[in-house]
Amino acid sequence: MQDTVDMVDDPEYDEEEPSFSDPEDFDDDVEDEEFLDDILKEKPQEADGIDSVVVVDNVPQVGPERLEKLKNVIHKIFSKFGKIATEFYPEADGLTKGYIFLEYGGPTQALEAVKNADGYKLDKQHTFRVNLFTDFDKYMNISDEWETPEKQPFKDFGNMRHWIEDPDCRDQYSVIYEAGERTAIYANDAKEPITSEERSRWTETYVRWSPKGTYLATFHQRGIALWGGEKFKQIQRFSHQGVSLIDFSPCERYVVTFSPLMDTKEDPQAIIIWDILTGQKKRGFHCESSAHWPIFKWSHDGKFFARMTTDTLSIYETPSMGLLDKKSLKIGGIKDFSWSPGDNIIAFWVPEDKDIPARVTLMQLPSRQEIRVRNLFNVVDCKLHWQKSGDYLCVKVDRTPKGTPGVVTNFEIFRMREKQVPVDVVEMKEGIIAFAWEPNGGKFAVLHGESPRINVSFYHVKNNGKIELIKTYDKQQANSIFWSPQGQFLVLAGLRSMNGALAFVDTSDCTMMNIAEHYMASDVEWDPTGRYVVTSVSWWSHKVDNAYWLWTFQGRLLQKNNKDRFCQLLWRPRPPTLLVMDQAKIIKKDLKKYSKIFEQKDRLSQSKASKELVDKRRSMMEDYRLYREKSQQTYDEQKSVRLELRGGVDSDDLAGNVEDWEEETIEFFINEEIIPLGDL
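Residues numbered from 1 in each chain as written. Predicted model: local features only at pLDDT ≥ 70, side-chain atom pairs only at ≥ 80, totals over all residues. Heavy atoms only, no water.

Focus: the overall build of the chain
Working step 1: From N to C terminus, the chain includes nine helices and 43 strands.
Working step 2: A burial count over the chain gives 38% of its 680 residues as buried.
Working step 3: Sequence separation of 24 or more characterises 43% of the internal contacts of the chain that already satisfy a separation of 6 or more.
Working step 4: When the accessible surface of the chain is totalled, it reaches about 43000 Å², and 50% of it is carbon and sulfur. (Helix = DSSP H or I, 4+ residues; strand = E, 2+ residues; numbered from the N terminus. Buried < 20%, exposed > 50% of the residue type's maximum accessible area, 1.4 Å probe, protein only. Contact = heavy atoms within 4.5 Å. Areas by Shrake-Rupley, 256 points an atom, 1.4 Å probe, with all protein chains shown as cover.)

Here it is in structure tokens:
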């Protein structure tokens, strides 16, 4: 307080503060617009309502007797996009002119009508062309002179698939630990993981790889960021407040984001589809619930995506993001659908309705031709399981046969590559716990029964139209099946409540290669090559023993990696091979030749490890030798001091002066024992 008083009393602070007011006779000749020009440009203009008006061309020309019917048809089509406030049908010579004006309640509804109704085919002679009324001014004011578009700078993000060129063919995986605080990218190695990139607070929740491994998606409160290239630079970002779920198209052209915070009736923002390359929003959708994510399911090539609502299947096409043929499919009671992973074929099922049986339908797109319909009776539920290449479809049917208590399960196997798509049936008398196809073959595995008598059965779909039971193992501690991406090998896992029991199986002869355990394991992840598999205990599901273990496909444990509050591990996917089938067959035929090269590299790698160990030991030995020499030098320098302390006796070399030694015998009494002769 005293310091403040001293400052006030200081003469330097007694000066009068300068005035910035204008003098009384000052003439201000500067208009406000000169200062506020930029702000006034953004001043809201009075709306005249024309931005809510659409113009529809190619409307049938009709007379007064058919006008009311035409209005009803038009209203039915265009009222889907919002409430129509006014409509105007220009007439001449007793007929409508072939175009109409519709005014909506807001510009967003008008824009939605243009997006969805433009190109709508009313009949063979009339296909609507729909435009905003405001677009006419834009088209009228187009300059007749050509202006060269401004050249955009090229952004070089480096080699987006650099990890595939690793000389040792190491795959990468992402790891989130410290409860989400740290995210790392590792290159997999049999000895120990090699850090490729590590950052703090890289994501706020979790991460996702794109289907071909090009992008890493991180989640933030304001939206999604995509990273890629050798140094994981930011490639793109998408602003979607409160985003919690995402999904990629298989072609990596589009990304779908979901946020529960953004939806409004006028402007659908709950689900947004983005163009990854440009970062532009392609379209927004409403969403009542995200319980069954993804809401949109993509075709294998990314050309179509579909969504199911009550009694409706809506199929959209890219890049327009509009409805295929401008209309949805009306399918009463539709319960589920799924795309083929190899063709533009969609499968869906419908439950029974009174006397109409349940049915499974296979539909070809974009023609919408039904290529197979399978009727089913007494159905409780169905699940659709596609084989990865789309060669087979398994429909798991739970039914209650008349006169039989309980639920019986059938597997309806559709042979997609054969004429008229024949169907085989496998009947299971026990409850089904898990089902999984071999990714690139005709085998499938089934976990059935009830704990503690859980059995696993292996089946093979033969080319002769039969399904053969290969092998059944009983009393398995498993609730999940994980096939290797390359087929043949699989892991039977008892996750979470089953304490992490693991069984490694070779399905070529159905032998158990190894039985192991990773206590409280919550996840199993195969690497893209099928050579390694990771089991992990996530902090998200279990708060202790958080770690991930690396195994070979045969079940040999290679690493135990303990991470503080480990959360998630995801392998980086690989893009499809560029080899054609014939080239792959040649490589498999000459595999022994290649295996020799790989074995040589493995031995070289081991020798490198041995060399590193030998070099380390040599370095330690050299350090010891230098230390010993230095200690010996110090010892020699202190000899004169020792001689002085010991009266001139050189104690350093006592062992060498044997001639000066004197021998002396010393006897001393130890004990005495008296033994009476009478006892002998």
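What follows picks up the thread again.
Topic: the pairing of strand E8 (residues 182–187)
In summary, the side chains of a regular strand alternate between the two faces of the sheet.
Working step 1: In terms of burial, E8 is largely enclosed, as five of its six residues are buried.
Working step 2: In this sheet, E8 lies alongside strand E7 (residues 172–177) in antiparallel orientation, the contact comprising six bridges. In the sheet register, Val-175 faces E8, and the bridge partner there is Ala-184.
Working step 3: Linking two consecutive strands that pair antiparallel, namely E7 and E8, is a turn of four residues; a positive phi of about 55 degrees is found at Glu-178 within it. (Pairing = 2+ DSSP bridges.)

A closer look at a nonpolar patch on the surface
Working step 1: Judged by side-chain polarity, Leu-579, Ile-587, Leu-591, Tyr-594, Ile-597 and Phe-598 come together as a nonpolar surface patch covering roughly 520 Å² of accessible area.
Working step 2: Sorting elements by how many residues they give to the nonpolar patch places helix H8 (residues 591–637) first, with four residues. (Patch = residues over 30% accessible without salt bridge, like charges linked within 9 Å, V, L, I, M, F, W, Y side chains within 5 Å. Salt bridge = Lys/Arg side-chain N within 4 Å of Asp/Glu carboxyl O.)

Description of the environment of Ala-92
Working step 1: Mapping Ala-92 onto the fold places it in strand E3 (residues 91–92).
Working step 2: Measuring from C-alpha to C-alpha, the distance between Ala-92 and Gly-63 comes to 9.8 Å, with 29 residues separating the pair along the chain.

Re the sheet that holds strand E36 (residues 489–494)
Strand pairing in a sheet is mediated by backbone hydrogen bonds. Such pairs are either parallel or antiparallel.
Working step 1: One open sheet holds the four strands; their spatial order is E35-E36-E37-E38, and the pairing between them is antiparallel. The strands lining the two open edges of the sheet, one partner per strand, are strand E35 (480–483) and strand E38 (511–517). Going from strand to strand, the sheet's axes swing by 20 degrees on average, the running direction of each strand aside.
Working step 2: With four bridges connecting them, E35 and E36 associate as antiparallel partners. Each bridged residue has a counterpart across the sheet, and for Ile-481 the counterpart in E36 is Leu-492. (Axes fitted to C-alpha atoms, helices over the stretch in contact; angles between N-to-C directions.)

Looking at the pattern of salt bridges
Working step 1: Enumeration according to the criterion identifies 24 salt bridges in this entry.
Working step 2: The closest approach of N and O atoms between Arg-129 and Asp-118, which form a salt bridge, is 2.8 Å. Separated by 11 residues along the polypeptide, Arg-129 in strand E6 (residues 129–132) and Asp-118 in the loop between helix H5 (107–117) and E6 bring together distant segments of the chain.
Working step 3: Taking the relative accessible area as the measure of exposure, Arg-129 reaches 45% and is therefore partly exposed.
Working step 4: Arg-170 is the partner of Asp-166 in a salt bridge, and the nearest nitrogen-oxygen pair spans 3.8 Å.

A closer look at helix H4 (residues 64–78)
Working step 1: For H4, spanning 15 residues, the distance from its first C-alpha to its last is 21 Å, which sits close to the expected 21 Å at 1.5 Å a residue.
Working step 2: Here H4 has its buried residues at Leu-67, Leu-70, Ile-74, Ile-77 and Phe-78. Buried residues along H4 cover an arc of 95 degrees about the axis, so they all sit on one side. Turned more than 90 degrees from where H4 packs its buried face, Glu-65, Glu-68, Lys-69 and Lys-76 sit exposed. (Expected span 1.5 Å × (residues − 1). Arc of directions from axis to C-beta.)

Re the sheet that holds strand E30 (residues 423–428)
Working step 1: The strand order across the open sheet formed by four strands is E27-E28-E29-E30, and the pairing between neighbours is antiparallel. This sheet does not close on itself; its edge strands, each paired only once, are strand E27 (379–386) and E30. Mean inter-strand twist for the sheet, computed between neighbouring axes without regard to direction, equals 20 degrees.
Working step 2: Two strands pair when backbone bridges link them, and strand E29 (residues 408–415) and E30 are joined in this way by six bridges, in the antiparallel orientation. For Ile-413, the partnering residue across the bridge sits in E30 and is Asp-424.

Overview of the confidence of the model for the chain
Parts of the prediction with low pLDDT should not have their coordinates interpreted in detail.
Working step 1: Looking at the chain as a whole, the pLDDT averages 86, with 90% of positions reaching at least 70.
Working step 2: The model gives residues 1–18 a pLDDT under 50, and that stretch makes two contacts with residues more than four places away or in other chains. (pLDDT = per-residue confidence, 0-100.)

Some words on the packing of aromatic side chains
Working step 1: Taken as a whole and assessed by the stated rule, the structure comprises 35 aromatic pairs.
Working step 2: With a centroid separation of 5.8 Å and an interplanar angle of 80 degrees, the aromatic rings of Trp-202 and Trp-227 are classed as edge-to-face. You can see Trp-202 sitting in the loop between strand E9 (194–200) and strand E10 (207–209) and its partner Trp-227 sitting in strand E12 (residues 223–228), a full 25 residues away along the chain. Like Trp-227, Trp-202 is buried.
Working step 3: Seen from their ring centres, Phe-296 and Tyr-316 are 6.0 Å apart, and the 80 degrees between their planes marks the pair as edge-to-face. Of this pair, Phe-296 sits in the loop between strand E17 (281–285) and strand E18 (297–298) while Tyr-316 sits in strand E20 (residues 312–317), placing them 20 residues apart in sequence.
Working step 4: Given the relative accessible area of 8%, Tyr-316 is considered buried.
Working step 5: Through successive ring pairs, a cluster of aromatic residues spans Tyr-254, Phe-285, Phe-296, Trp-298, Phe-305 and Tyr-316.
Working step 6: Sitting over the ring of Tyr-635, Arg-642 keeps its end group 3.9 Å from the ring centre. (Phe/Tyr/Trp six-rings, centres within 6.5 Å; stacked < 30°, edge-to-face > 60°. Lys NZ or Arg CZ within 6 Å of the ring centre and 35° of its normal.)

Focus on the side chain of Thr-535
Working step 1: Mapped onto the elements of the fold, Thr-535 is located in strand E40 (residues 532–537).
Working step 2: Accessibility expressed as a relative area gives 1% for Thr-535, which makes it buried.
Working step 3: A polar contact of 2.9 Å, which involves the side chain of Thr-535, links it to the side chain of Trp-551.
Working step 4: What Thr-535 contacts, discounting residues up to four positions off in sequence, is Leu-502, His-518, Asp-523, Val-524, Ala-547, Tyr-548, Trp-549 and Trp-551. (Polar contact = N/O pair within 3.5 Å; in protein donor to acceptor, adjacent residues only side chain to side chain.)

Observations concerning the nonpolar core
Working step 1: Formed by 23 residues in total, the largest nonpolar core has its most connected members in Val-54, Val-56, Ile-74, Phe-78 and Phe-128.
Working step 2: A total of five residues in this core trace back to one element, the largest contributor, which is H4.
Working step 3: Filtering out sequence-adjacent residues up to four positions away, Val-54 remains in contact with Ile-100, Phe-101, Leu-102, Tyr-104, Ala-110, Val-114, Val-130, Asn-131, Leu-132 and Phe-133.
Working step 4: If you look at the next biggest cluster of nonpolar residues, it comprises 18 residues, including Leu-362, Leu-376, Val-379 and Trp-386. (Core = buried A, V, L, I, M, F, W, Y, C linked by side-chain atoms within 4.5 Å.)

What to know about unusual backbone geometry
Working step 1: A cis amide bond links Leu-365 to the next residue, Pro-366, at an omega of 10 degrees.
Working step 2: Considering the arrangement of structural elements, one finds Pro-366 in the loop between strand E25 (358–364) and strand E26 (369–376).
Working step 3: Ser-451 connects to Pro-452 through a cis peptide bond whose omega is 10 degrees.
Working step 4: By secondary structure assignment, the location of Pro-452 is in the loop between strand E32 (443–450) and strand E33 (453–461).
Working step 5: Phi is positive for Asp-311, close to 60 degrees, though the residue is something other than glycine.

Quick notes on the environment of Gly-442
Working step 1: Summarising the element assignment, Gly-442 is placed in the loop between strand E31 (432–437) and E32.
Working step 2: Considered as a pair, Gly-442 and Gln-387 are 55 residues apart in the sequence and their alpha carbons are 8.4 Å apart.
Working step 3: Apart from residues lying up to four places away in sequence, Gly-442 is in contact with Tyr-392, Trp-437, Tyr-459, His-460 and Val-461.

Brief notes about the environment of Asp-118
Working step 1: In this structure, the C-alpha to C-alpha distance between Asp-118 and Gly-322, residues 204 residues apart in sequence, is 9.5 Å.
Working step 2: Ignoring anything within four residues of it in the chain, the contact list for Asp-118 reads Ala-113, Phe-128, Arg-129, Val-130 and Lys-326.
Working step 3: In this structure the side chain of Asp-118 is engaged in a polar contact, spanning 3.0 Å, whose partner is the backbone nitrogen of Val-130.

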